[in-house]
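Results of the structural survey
Residue strings, one per chain:
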Amino acid sequence: MLSTPSGFSECFREWEDLEKDFHQIQDTHRLYKQKLEEVTKLQNSCSGAIARQRKKLKELTLSLEECKQNNSTATISSETVNSIAEIEDSMKDRAHAFFEMEAFLPKKNGLYLSLVLGNVNVTLLNKQAKFAYKDEYEKFKLFLTVILFMFSFTCCFLLSYRVLDALFNFLLVWYYCTLTIRESILISNGSRIKGWWVFHHYVSTFLSGVMLTWPEGTLYQMFRNQFLSYNLYQSFVQFLQYYYQSGCLYRLRALGERHNMDLTVEGFQSWMWRGLTFLLPFLFFGHFWQLYNSMTLFKMFQLPECKEWQVVMCGCSYMVLFMGNLFTTLRVVYQKYMNNQDKSKIGL
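Residues numbered from 1 in each chain as written. Predicted model: local features only at pLDDT ≥ 70, side-chain atom pairs only at ≥ 80, totals over all residues. Heavy atoms only, no water.

The chain goes by Hepatic and glial cell adhesion molecule in an unreviewed UniProt entry, where it is assigned to Oryzias sinensis.

This next bit is on the nonpolar core. The biggest cluster of nonpolar side chains holds 38 residues, and the ones touching the most others in it are F168, M211, W214, F223, F227, L297 and Y318. Residue assignment for this core shows that the elements contributing at least two residues are α4 (127-158), α5 (162-188), α6 (196-213), α7 (218-254), α9 (279-301) and α10 (310-347). Of all the elements, α7 adds the most residues to this core, at 8 residues. With residues up to four places along the chain from it excluded, the contact list for L297 reads W214, F223, V311, C314, G315 and Y318. With 7 residues, the next largest nonpolar core counts I50, L57, I84 and L105 among its residues. (Core = buried A, V, L, I, M, F, W, Y, C linked by side-chain atoms within 4.5 Å. Buried < 20%, exposed > 50% of the residue type's maximum accessible area, 1.4 Å probe, protein only. Helix = DSSP H or I, 4+ residues; strand = E, 2+ residues; numbered from the N terminus. Contact = heavy atoms within 4.5 Å.)

Mapping E308 onto the fold places it in the loop between α9 and α10. It is K307 that comes nearest to the buried, bridge-free E308 among opposite-charge side chains, at 8.8 Å. Sequence-distant contacts of E308, that is, excluding residues within four places in its chain, are made with W214, P215 and L219. (Lys, Arg positive; Asp, Glu negative; His and termini not counted. Salt bridge = Lys/Arg side-chain N within 4 Å of Asp/Glu carboxyl O.)

Before going further, it helps to spend a moment on helix α2 (residues 78-102). Taking 1.5 Å per residue as the helical rise, α2 with its 25 residues ought to reach 36 Å, and the 36 Å between its terminal C-alpha atoms agrees with that figure. Those residues of α2 not exposed but buried are I84, M91 and F98. (Expected span 1.5 Å × (residues − 1).)

So, about the UniProt feature "transmembrane region" (unreviewed entry) in the chain. Under the present numbering, the feature "transmembrane region" (unreviewed entry) in UniProt falls on residues 140-161, 197-215, 271-289 and 309-334. Annotated as 89% helix and 0% strand, the span residues 197-215 places its first and last C-alpha atoms 30 Å apart. For the annotated span residues 309-334, helix accounts for 96% and strand for 0% of the residues, and the straight-line distance between the end C-alpha atoms is 38 Å. (UniProt positions renumbered as here; feature names shortened; annotations may be inferred.)

If you want it as structure tokens, here you go:
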């Protein structure tokens, strides 16, 4: 903190010091803008070079396929076959290398991010920023899971007000919408979450939005406790998954077997197999609870007093969640089982 000037001479001296600092700031900022322009040029150059490489690799792949088709295996020497195999292996490694490079290069947003954020660049350009954003995402999921657990418990056992139910459903809509945006940003920065576990949150957002619009009535009260109990159980399972999956990911990253931007997900993946198979009964029970919700809603839709369109839409949403979660989990378990069988045969 500056000392209080005792006279004009002190004021002039302090002003001269400030002038020197200001000129240094100007020089530093000028250098910063120069380096920033150089970084932008390097980014464009690198992105263009990767695009050209990809195009040429695609053309080379087609040429190799044509050569294989035009020449029988008998006419090709073993040396040529080995060289072709080495080239194909190298091209696969090249694709992985490009993925790693592009995680640190600006890229165009996908359709969803373009609709939500526009053309804002969401690529984080250093590892520290990526890890910080990923960790903040994980903490956000954990914090909201605890909040949703307490909120659903309160609505289910303590207070029964439609206004509280609406606030709970609004919180679910906001939570899943936020997850979809954050996951899209993480995917742009190298996270490998994909497939059903991404689409799952879009379906959950739609379902929560429909529940929010469901008016108070006899049918709503018929389904209310079942809905809140399901959300209470789902929050409990997500809480278990977070701690056990995060511990598993930490060990696998330390061993170099997983990517540093991999995330915990609301499902079962092959890397969770070690020590985490006890989660499967909890997951399957949740999946079949979704089927139970769907069948309950479809039966309610057949009642003469059913006038709300929300009943059938929620039933269809729960059915989509059940089928997607069940088939994805079974596929992962089957693939892991077959891989273990292959390894045991090799060992024998």
